[in-house]
Structure formats: structure tokens, C-alpha cells
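Here are the chains, one letter per residue:
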Amino acid sequence: MTRVILTTCSVVLCVLSARPEIALADPVPLIIVTAPSAASDAAKPMLDALGRFARERGTVLLDLSPAADPKPQAGRHLRRSIEDYQAFRFQSALENLDVGLAEAARTGALGLSPSELSDLLIYRALVLTELGDAARAWDDFVRAVVLDPSRRLDTARFPPRATEPFARAVKQVSQAADSELTIAAPDHCRVVLDGRQIRPGQMQPVKWGEHYVHVVCPERVLYGTRVLVKGPRRLIEPRFDSRPKPTLADGLRTARKQGVQSFLWAQLAFPDGVTPTLTLALIDTSSGSERRRVIVRAGPGRENDIAGAAARLVSPDPVAIESSPGPARAWYRRPWVWGIAGATLATAILLPFAIGSDSASHFDVRLRGEVPP
Amino acid sequence: MKRVTVALLLIAACGEGVPLLEPIIDVPPIDSDAYPYGGVDELLVSVARAGEDVSLQEALISAGQSLLLSEIPFGEELVVHLSGRSSGIEIAYGRTCKVTVTADEQPPDDEPHLYLSRIVKWGISAAPSEPGRVGGHGYALPRGSAVLLGGNGGITSVERFDPQTGSFRLLSIQLTPRRDSVLAPFADGRALIVGGVDGDDNPVATVEVVDPRPGIAPAARRDEQEGPSLRYHAAATLVDDSVVVTGGIIPPGGQSGGATPAAWSFRFGAGNILEPALQLDATMHFARARHSMTRLGDELGADVLIVGGLGDTGMAVKEAELFRPLRESFELVAGATLTHARWGHAAVRLPGGFVLIVGGLQPPVSDPRPVAALELYDPIQGQFSSAGTLPAGAGLTDLTITELPDGRSLLAGGLDINGQPVATVLIARLDPVDGQVDVSATDSLAVPRAAHSAVRLCDGTILISGGTDAPGQDTERYNPPPEGRR
């Protein structure tokens, strides 16, 4: 353990001993931010922190992030259709349900809970019953049960003309064959089957029939689909398209259009697919060269870290202020190169000792108390 | 052979044992709807870092197998999750609070408890030391324990429910007997109690600071000093950890008159000791009693929304105003006027900074009627809008509102339109697409309750205590859906 601490201290000392970069005196009149649109939750702390930072300094903040995906509307269509159904406007209810189900098929039921998804089908079955189309109504009841065979309709909420055929559909589906569905996706992606989140790559037992799948991965376009599962097992391997991402060239073009000498380039990314990481760089507009760079974690609760990093990046050094940035330095003269080289060397020397001396690095869990009978 | 045996023994003697964390499963009674094991055909045990969806280690365990998980890497703020499944569907769930197991920090001697029950069900929980607590206060400590204190009828005890141990502990503090007081918790776990009256309706002109945190030497603490005499006032804790108290009636005074627009500030000074109450120069634009105060954000200087109440002439106040902490001033919000002037209501901040106004009473003051209409304050527009109506059977006054881990709000118990306690529990959710508040019913409480306390614990469950004198039913625990509880 002592050696681990020694190693860590050496690495830290090496990094710290690197000569600090000389800060710039000129204020930064422009901040340009980019974030993957799929990561709006992760991007919010960054936008909040930089927005506040910009407001306090009278700096312009431009967001070049690609436009976010349109919000799912299927839930809204469901609520409208329920209102229409209760007001005996069956045709309007049917239109709303068809639109909602079409969207669910396109997006893999994005934004719908399991009960909302099956409600779309149950209410369409009810509407079709009222319109005299019993055959299609029965199909929708079966589809709804296939999605969630354990569901039972609340008799207080649904009329007997819904609960009785639904119960018959439950009986029929329970006799149908089971299938094993696997959705292959990277571990950090969110995989949702029929409105329920599941683990990527884990086999799920499902009934034969239609199922809704969507997969959300940071920096990737949503994969959503409706699949017909037949046969004992089915593997879905989603194809993900990368989102178009603004580049530094886009930032430079924007900065030149604004007529500023330098700007702060803030780029949110997920290097390991999970952790939102913000790279802040001070860019010289005329040469396009990077003067300074800070990398900070950017998840929720990191607003102060982000604002602090931005402030450090743009604030002039009280000891040595340069009035102009000067020519770009050769890469081997940059302090961070020396810092990383030193840290790598120290790690290479000390790590074998540290690893060799460590005791257990894991533990076990055993649950007791009121365990299953 | 002998040498091999000796060598193996030596290796075994030199090697360190693998630490073992042994969470203790607590479940509701077998005859309750919340009992988790009925119909469960497999259990999923997993360990993950708090807040992360991806597990460090997990195992699917069928009936009869031991609940064991091996080779979990050391880490801080780890959570043990346990899911019960029926045909692959998750129907029961429970988790521990955060635990740390590292080379330097071994599993705690008091093994953490894990409350496992059916999802969206209430189960009877451990019995408190002080049964029948009505009109008391409850709040959560930073590490997720619940503190219950005070109450009508001269209850002066303070007790703490620790989800790590699954039990209550009566603390060695006795409060000054008072009712109609206001409690404001501080970020470090201490809490301030202001105002109220004793059993003879005499004002209690002191404030108390209670410190029920575990590990406070030598035991839990209570400090008392002079404070304003108030009743039917309101308080809010600001981001800088000071407390602002506004309005109320200076006793003696009826419910319908004598409200004050004055405001006081409380903060800790040198030595972490509460400074004397400071009456602010600024006053509210309207005198108010039985109003609400809701902080609109978590950033330094976040405004506090003040809504409703009864004015100094006994008329209900429709206009809302803001307390601006950085300016220490009160400002009317142009156009922010309640459709239903009300008092004795509840207000809760929803995602996005919206504030939902629930229940309360509306004029005439001589014969007040409960309000079922919901109203929603939009902090960007600075306006109220109608947000629907609570269904029949819902609690309209003396209910509790608790934020669920998934961002929705749990409305539990209270007095209905006829003034009778109800067992109804509703969930309110702000629809981010159309901005409407969806209200849906969930599992009811075992017994009707009003003027009870509700606290969200560190494992995401909701503990409700008091508000009833039904024997053996003092405390219930709600198991919300697993979303947001990782």
C-alpha cells in the first residue's frame, strides 16, 4: 500500500513539476460549445456553468451542438386518444393511436413506459371494438399481451369489454412459444425492450410476436425499431450511425466571422463511452493554434469545477503577463509533454513494485437475513 | 507430500482473507401485499457504484441457491442491489445505502440492511419508540437517515430511523413542548425549530437547534435561545445555509387575523453557534399566515417563492412574491396571482424549477372549504397556470409531499374534502412535453393518516410515520420503482 502511495505521489510530483504555462492577458470575448445532442442531460451542467461564466464576464456564448432529436410524442397521442375515447370521438382516437404506434415503431417506443406502450394497443383495440372491427381489435389485444404477459387490466380503469378479451388474450399468449431475444450493444448503452431497460447483450425471454427495441448510446444516433420475434432465439445487432459533430474548423470559421482574436473552445465528449468529459481550449483565431487546454469531468454537480477551469484558463497570470501570444511553441518544449513523460517514467519504474506488494483488491457479498423461503 | 502440505499451509497463513460484506435483507410481513418473494422465480444480485447503471458484478440466482457474489473490486460509495423477478419481469427491488469497501476501509461491523419489497407497494416497517406522533416534524439527514421529532399533545422526543440498521433509535434529547412550530433543516443535518404554542396556546418564544446526527459526542445535542413568538409562519433554508422565517401570527391571535409581514433570518456564526434571530429590514408586501415558502433553485442566491396565506385582515392573499436573498428584499411577481386564493396548502418544487401548489383551504374564512385544484408556478414566465384537479378521496390538507427518486412527487394521506383522514396516495408528475401535471393513484396506505411525517431515505424508499393512532401501524415504507435509485 505504501508503494502505491509512493507511486501516486511520484506521478503527481512529476506532473506538478512541469513549468506552468504563461497565461494570456487579453479577455476572451467568445465561447463556443459543442456537445452531442443525445447527451443533453450530461451537457446541461456544462451549459449552465459556461452560461453563467459568460454572463458574468459579458462574453458571448455560442452553442454549435447539433440540434437535439425531436421529443417523443407518442405518450401525448395516447393521452389525447384516451380523452377522445372517453368523449366517444372514436375516429379521432383511432387517428391519434395510429400516429402514436407509428412513432413507437419508428423509435422503438422511445419515451414510453411499458404500460403506456401496451395502453396504445389496448385503447386501439377498444376503439376498433366500438367501430365494429372485432378482428383487428383481437389482434391488438394479443399484441398488448405479448409485450407484457404478466399485465392484468385494472377493472376500475377498464370496462369489461376490455378486460374480458384481454383475459382471453392472456390465456392464448400464455400457451404460445417463448423465444430468447438478445440485443447486442456496447455496455455503456441504454437498451430498452418494450419500455423496460435491460442490460446490453443479456438474453431476455419473450413471447413470439412484435416487440419494441431502442438503444441509446452517447454520440450515436438513436437506434429504434419494432421487431417480429419468431423462432427459439433471435439476435439483434443494431447499426449505429455517428452523429455529425462540429469540428474546430467550424469553431474557427464562427470565431472569424465574429471578428475575435481568440476564443474558448469547449467540447463535451465521452472518451470511455460513459464519463462526460469537457475539453476546454483557448484557441488563437488567426493561427488556429491552441494556447492552453484544460480537461474536466462534466457530469451533474460539476458546474463549479467547469466554471473554475474556464476562469483559470482565461485569467491572466499575475506574475508573467504577455501582451501577445507569440509564436506557437514546438511540441517538445511544452510543459505538459515533460510532465507526461516524467509521469510515464515514474509509473514504469514503480508500478511493478506497487502491484507486486498489494494484498486483496476485491471482496465478496453474501446476503443474509430474510432470504427467500 | 508432507512438504507440499506444509507449503500450502504457509501460503494460507501468509495470505489475507477476502473481506466479506453481509447485507441483511429486511422484508415486510409475509401476509402483506408488499411481501417480495411470492411468485419470484429468480433473484438478481448486483453491486454497482452509486449512480451508475453498469454493475461491477452481478449474478442471477435461482430458488435454493445462496445469495453470494464474489470478486467485487474495492470501491467507495458502492450499492448492493437485489431484484426479484417473475418470468423475467422485475416485481421486487431493494438496495442498500452507500457502503465503502477498500483496502483501508473494511466492511462495517454493523452490516447494512437492505429493504426488499414489491415495487410500488407500502409495507409496515419497524415500530418507532414514540407511537401516535401527530403534527410532528420529519426530515432526512445528509446520509439518508430519517429524524422524527416533536408532535402535538406534548410529544417532546426525538428519534432517528437508520436504514443502514433498519431500526429506530430514541435519542437523548427532549424538546420544548410545542405545536404549530416550523422546522428548517440545515445542510449538515442540524435543524432549527421556530415558534409555535404550548398546550395552553401560550407562545413559545424560543428557537431550538437540534443535532441528531450519529456520532455527535457525547450524544445528540439540543440548544435553545430566544426567538420570535410566532404561529402559522413559514420558513425556508437558503443555499448559504441560513434560514429565513416569514409571516405568521403573533400569539395570541386567531387563525383569521393579526398576520405580520415581518421576516427573520437565522444563521450560524463563530464557533458554529446560532446567532440571535435577526429581524430583517425588509418586510413582505403582504402580511401572511399559513402560507408557503419554496426555494426555486440550488444555486447561491436562489429566490424563494412565497405563495398564499391569510392576510392581516383575515382575507386570503392571491398574490405571490419572491424573497431575493442576495438583496435581502421581497419583490412582487407581476401577474403571479393564484386562481384559487388559499392557505394551509403544500408546495413542492418540481423538475425544471416549477412549483406545484397542492390543496389548502379557500374562503370564506368563517367556513373554509378545501381546494382540490392544482396550480403550477412557472419560474420563467412568473405566472401560475391551472394544473388539473386532485381526484375525489385525495388528501387536501395535512398531507405530505415527498420527491421520489425518479423526479415525481408522492402525495400521501391528509384530510379529504370532508375533513376526514384518508389512506389515498397519489403520484404527481410534470409532463416535460406538454407541461401538464399528471396525477395517478398508487398503492394506498394501510391506514388513513393526517399530519404525519414523510421522509425519503438513502435507499430511495419513503418512510411515513405517525398521523394515526392505529396500533402497530405507526410506520410504513413505500418502495418506488427502481428508476433513479441506482
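The structure displayed is predicted, hence computed values, not measured ones.

1. Notes on the sheet that holds strand β16 (residues 182-185) of chain B
All names here are of chain B. Taken in spatial order, the 4 strands line up as β16-β17-β18-β19 in an open sheet, and their pairing is antiparallel. On the outer flanks of this sheet lie β16 and β19 (221-226), each paired with one strand and no other. Across the sheet, the axes of successive neighbouring strands diverge by a mean angle of 20°, strand direction being ignored. With 4 bridges connecting them, strand β17 (residues 191-194) and strand β18 (residues 206-211) associate as antiparallel partners. Bridging from a neighbouring strand, V194 pairs with V207 of β18.

2. Digging into the environment of V245 of chain B
Residue and element names in this part refer to chain B. By the element assignment, V245 lies in strand β21 (residues 243-246). By C-beta crowding, V245 is classed as buried, having 27 other C-beta atoms within 10 Å. As a C-alpha pair, V245 and S265 span 20 residues in sequence and 6.4 Å in three-dimensional space.

3. So, the interface of chain A and chain B
By a widely used convention, the size of an interface equals the accessible area lost when the partners come together. Facing 26 residues of chain A, the contacting portion of chain B comprises 38 residues. Broken down by secondary-structure element, the contributors of at least two residues to the side of chain A that touches chain B are α3 (74-86), β6 (204-207), β13 (362-366) and β14 (368-369) of chain A. Examining the composition of the side of chain A that touches chain B, we find that 5 residues originate from one element, β13 of chain A, more than from any other. Residues belonging to the side of chain A that touches chain B are distributed by class as follows: 10 nonpolar, 9 polar and 7 charged. Pairing of β13 of chain A with strand β1 (residues 20-21) of chain B involves 2 bridges; the strand directions are parallel. Considered in β1 of chain B, the bridge of V365 of chain A is made with L21 of chain B.

4. Observations regarding the packing of helix α6 (residues 134-147) of chain A against helix α7 (residues 160-174) of chain A
Residue and element names in this part refer to chain A. Relative to each other, α6 and α7 sit at 60°, their axes nearing to 9 Å. Here α6 lies oblique to α7, going by the angle between them. Note on packing geometry: the crossing formed by α6 with α7 is right-handed. Of the residues in α7, those in contact with W138, F141, V142, V145 and V146 of α6 are P165, F166, A169, V170, Q172 and V173. Per-class residue counts for the contact of α6 with α7 are 10 nonpolar, 1 polar and no charged.

5. Comments concerning helix α5 (residues 114-130) of chain A
Helical geometry: 3.6 residues make up each α-helical turn, so side chains three or four residues apart lie on a common side. Residue and element names in this part refer to chain A. The terminal C-alpha atoms of α5, which comprises 17 residues, lie 25 Å apart, in line with the 24 Å expected from a rise of 1.5 Å per residue. Counting buried positions over the 17 residues of α5 gives 13, a clear majority of the element. At the exit of α5 stands G132, carrying a positive phi of roughly 85°.

What counts as what
- Sequence order sets the numbering: in each chain, residues are counted from 1 along the sequence as written.
- To read the labels, note that chains go from A and ligands from 1, taken in the order they are written.
- Residue-level local features of this predicted model are given only where pLDDT is at least 70; pairs of side-chain atoms are given and counted only at 80 or more, and the full residue set underlies all totals for whole chains, interfaces and linings.
- The pairing criterion for strands is at least two bridges between them, as found by DSSP.
- Helix numbering and strand numbering both begin at the N terminus, where a helix is a DSSP run of H or I of at least 4 residues and a strand a DSSP run of E of at least 2.
- Here the axes come from fitting lines to C-alpha atoms, over the contacting stretch only for helices, and the angles between their N-to-C directions go from 0 to 180 degrees.
- We call a residue exposed when 12 or fewer other C-beta atoms sit within 10 Å of its C-beta, buried when the count reaches 20 or more, and partly exposed for counts in between; the C-beta positions come from the backbone.
- Working definition of a contact: two residues with C-beta atoms, positioned from the backbone, lying within 7 Å.
- Each residue is assigned to one of three groups, with Ala, Val, Leu, Ile, Met, Phe, Trp, Tyr, Cys and Pro labelled nonpolar, Asp, Glu, Lys and Arg labelled charged, and all others, Gly among them, labelled polar.
- Working definition: roughly parallel below 35 degrees, roughly antiparallel above 145 degrees, roughly perpendicular at 65 to 115 degrees, and oblique for all remaining angles.
- Crossing handedness: left-handed means the near helix sits turned counterclockwise from the far one by under a right angle, and right-handed means the same turn made clockwise.
- The length a helix should cover is 1.5 Å for every residue beyond the first.

Without other data, these values stay purely geometric and don't point to any function.
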